[in-house]
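Each chain is listed here by its residues.
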Amino acid sequence: MKIAVLPGDGIGTEIVAEAVKVLRALDLRFEMETAPVGGAAYEAQGHPLPEATLQLARQADAILFGAVGDWKYDKLERQLRPEQAILGLRKHLGLFANFRPAICYEQLTHASSLKPELVAGLDILIIRELTGDIYFGQPRGRRQAPDGHFPGAEEAFDTMRYTRPEIERIAHVAFQAARKRSRRVTSVDKANVLETFQLWKDVVTEVGKRYPDVALDHIYVDNAAMQLVKAPKKFDVVVTGNMFGDILSDEAAMLTGSIGMLPSASLNAGNQGLYEPSHGSAPDIAGQGVANPLATILSAAMMLRYSLNQPEAADRIESAVQHVLAQGLRTADIWSQGTTKVGTRQMGDAVVAAITSTKKTI
Ligand code: IPM
Ligand code: MN
């Protein structure tokens, strides 16, 4: 089992170190190799996704990714910005299916900005298409406007685009995921305005006919944004395009109290996957040893389940995380009165200790 470890920028290095520590505590045989990515790779090698890093990622069974980005790179030309590393990995490896669970942990119900009764027991799975849509559609650019109301003025444009096969394959992923849960899929679109999302809705409906045991409903994205804060527990599996999924998954993440708890998986057709926390590089707290490593540790659990075929090991990590939360250990982002504030490393150590103690009782 070969894992490419790409820590990246900001808190990325700190949180990935803890996830690696947890993986090593499992007594499984992993080959782990680390490479630079994002701003760190730009500094060292002049490119956010160096060829050697991409090669390592291609050859690995799974990629454990930290986070990329820092305000200091905002002025660089787009192709050299840290975000291009993650977009490039998604595109080059065909990682079209992005799983973003939003789970409200019992002990953290009060960390949510919503009333506890609205979020208690919340368990949503957002499935975001990750390699199409306006993120990658061509043409895109910036130019002097050739026509329109302001001829000659500067303009910028991007292309929103989906093909039928792209929509079909993500729809299948969503229906299959729903079969392992409560057999409900909500497809999010903007078919009332956009051709792209009329096709989306039509294709998801067609694919849905092949899953008669799964209930499908459709909702416009603006209403979805509203329902997510009004009655989030109405959702189970949510499937949507790249850009709507980007926005709604951040919104859903915050319902749970802390984005610092949420893992994600990005899979291709061969079940090779990239695993990363749902949060970013948080440059404001980087280097302070206070970041929450649990989202990355839980991403490592998803990696064991989806790409490395080690579901028991995944369960052990997830139980260990539950255990440290029950012990009252909290990093600053989820701390509240009456709980014990710990740093990044202490949190990782506590998860390792919980894993090691379950090993002894077996
Ligand atoms: C995410 C991030 C990325 C995205 C950025 C960093 C390119 O926001 O993974 O959600 O927009 O997809
Ligand atoms: Mn995002």
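Residues numbered from 1 in each chain as written. Chains lettered and ligands numbered in written order. Predicted model: local features only at pLDDT ≥ 70, side-chain atom pairs only at ≥ 80, totals over all residues.

Asker: What is the right way to read the overall build of the protein from this model?
Answerer: The helix and strand tally for the protein stands at 12 helices and 14 strands. A compact globule built from 362 residues would reach a C-alpha radius of gyration of about 21 Å, and the protein, at 21 Å, matches this within 12%. Structurally, the protein occupies a C-alpha span of about 70 × 50 × 40 Å along its principal axes. When burial is assessed residue by residue, the protein has 48% of its 362 residues classed as buried. A separation threshold of at least 6 residues defines the contact pool for the protein, and within that pool the share at least 24 residues apart is 75%. (Helix = DSSP H or I, 4+ residues; strand = E, 2+ residues; numbered from the N terminus. Rg over C-alpha atoms; globule rule 2.2 N^0.38 Å. Buried ≥ 20, exposed ≤ 12 C-beta atoms within 10 Å, placed from the backbone. Contact = placed C-beta atoms within 7 Å.)

Asker: Can you help me understand the site of ligand 1 in this one?
Answerer: With respect to spatial proximity, the complete set of residues near ligand 1 consists of Glu-83, Ile-86, Leu-87 and Asp-246. Grouping the amino acids of the shell around ligand 1 by side-chain chemistry returns 2 nonpolar, no polar and 2 charged. (Near = placed C-beta within 6 Å. Nonpolar A, V, L, I, M, F, W, Y, C, P; charged D, E, K, R; others polar.)

Asker: I'm lost on the UniProt feature "binding site: substrate" (unreviewed entry) in the protein in this one. Help?
Answerer: Under the present numbering, the feature "binding site: substrate" (unreviewed entry) in UniProt falls on Arg-90, Arg-100, Arg-128 and Asp-222. Maximum C-alpha separation among the annotated residues is 26.5 Å over a sequence range of 133 residues, too wide for a single clustered spot. By secondary structure assignment, the location of Arg-90 is in helix α4 (residues 83–92). Beyond its immediate chain neighbours, meaning those up to four positions away, Arg-90 contacts Leu-95, Leu-130, Thr-131 and Ser-266. In this structure, Arg-128 sits in strand β5 (residues 123–129). Residues in contact with Arg-128, not counting those within four places in the same chain, are Asn-98, Arg-100, Thr-240, Asn-242, Gly-245, Asp-246 and Ser-249. (UniProt positions renumbered as here; feature names shortened; annotations may be inferred.)

Asker: I tried to follow the pairing of strand β2 (residues 31–34) on my own but got confused; where do I start?
Answerer: Within a regular strand, the side chains alternate between the two sheet faces. Relative to β2, strand β1 (residues 2–8) is paired through 4 bridges, and the arrangement is parallel. From the neighbouring strand, Ile-3 faces β2, where its bridge partner is Met-32. With helix α1 (residues 12–24) bridging β1 and the parallel β2, this β-α-β connection has right-handed handedness. (Pairing = 2+ DSSP bridges. Right-handed = clockwise from strand over helix to strand, strands pointing away.)

Asker: What is the right way to look at the domain arrangement of the protein in this model?
Answerer: Many authors give the size of an interface as the accessible area that is lost as the parts come together. Domain annotation for the protein reports domain 1 (1–96 + 268–362) and domain 2 (105–137 + 163–259). Once you take the C-alpha centre of each, domain 1 and domain 2 turn out to be 24 Å apart. With 13 residues of domain 1 at the contact, the number on the domain 2 side is 16 residues. Elements supplying a minimum of two residues to the side of domain 1 that touches domain 2: α4 and α11 (311–326). Considering only residue class, the side of domain 1 that touches domain 2 consists of 5 nonpolar, 5 polar and 3 charged. (Domains from an automatic or database assignment.)

Asker: Where do I start with the environment of Leu-26 in this structure?
Answerer: Relative to the assigned elements, Leu-26 resides in the loop between α1 and β2. Along the primary structure Leu-26 and Leu-125 are separated by 99 residues, whereas in three dimensions their C-alpha atoms are 27 Å apart. What Leu-26 contacts, discounting residues up to four positions off in sequence, is Ala-313, Arg-316 and Ile-355.

Asker: Just checking my understanding: could you explain unusual backbone geometry for this structure?
Answerer: Glycine aside, negative phi is the norm for most residues, and most peptide bonds take the trans geometry. A cis amide bond, omega 0°, links Gln-138 with the succeeding residue Pro-139. Locating Pro-139 in the fold gives a position in the loop between β5 and β6 (141–144). A positive phi angle, close to 70°, is found at Asp-133, a residue other than glycine. Within the secondary structure, Asp-133 sits in the loop between β5 and β6. The exposure class of Asp-133 is buried, given the 25 C-beta atoms found within 10 Å. One non-glycine residue, Ala-282, lies in the positive phi region at around 40°. Looking at the element boundaries, Ala-282 is found in the loop between β12 (273–277) and α10 (294–306).

Asker: What am I meant to see in the UniProt feature "domain: Isopropylmalate dehydrogenase-like" (unreviewed entry) in the protein here?
Answerer: In the numbering adopted here, UniProt assigns the feature "domain: Isopropylmalate dehydrogenase-like" (unreviewed entry) to residues 2–351. In this annotation, residues 2–351 is assigned 38% helix and 20% strand; the end-to-end C-alpha distance for the span is 23 Å.

Asker: Would you mind showing me how to read the nonpolar core here?
Answerer: Proteins that are soluble and globular tend to have nonpolar side chains buried together. Counting residues in each nonpolar core, the largest one holds 108 residues, and the members touching the most others are Leu-64, Ile-127 and Ala-300. When residues in this core are grouped by element, the largest group, 10 residues, is from α10. Summarising the domain contributions, this core has at least three residues from each of domain 1 (1–96 + 268–362) and domain 2 (105–137 + 163–259). Each residue touching Ile-127, except ones within four places of it in the same chain, is listed here: Ala-97, Asn-98, Phe-99, Ile-170, Val-173, Ala-174, Ala-177, Val-237, Val-238 and Val-239. (Core = buried A, V, L, I, M, F, W, Y, C linked by C-beta atoms within 7 Å.)

Asker: Sorry, what's going on with the packing of helix α6 (residues 164–179) against helix α7 (residues 195–208) here?
Answerer: Helix-helix packing is characterised by the crossing angle of the two axes and by the distance between the axes. At their nearest, the axes of α6 and α7 sit 9 Å apart, and the two run at 50° to each other. For the element pair α6 / α7, the angle class is oblique. Two packed elements cross with a definite hand, and for α6 against α7 that hand is right-handed. Of α7, the residues touching α6 (which contributes Arg-164, Ile-167, Glu-168, Ala-171, His-172 and Phe-175) are Leu-199, Trp-200, Val-203, Val-204, Val-207 and Gly-208. Class assignment for the residues of the contact of α6 with α7 results in 8 nonpolar, 2 polar and 2 charged. (Axes fitted to C-alpha atoms, helices over the stretch in contact; angles between N-to-C directions. Parallel < 35°, antiparallel > 145°, perpendicular 65-115°, else oblique. Left-handed = near helix turned anticlockwise from the far one by under 90°.)

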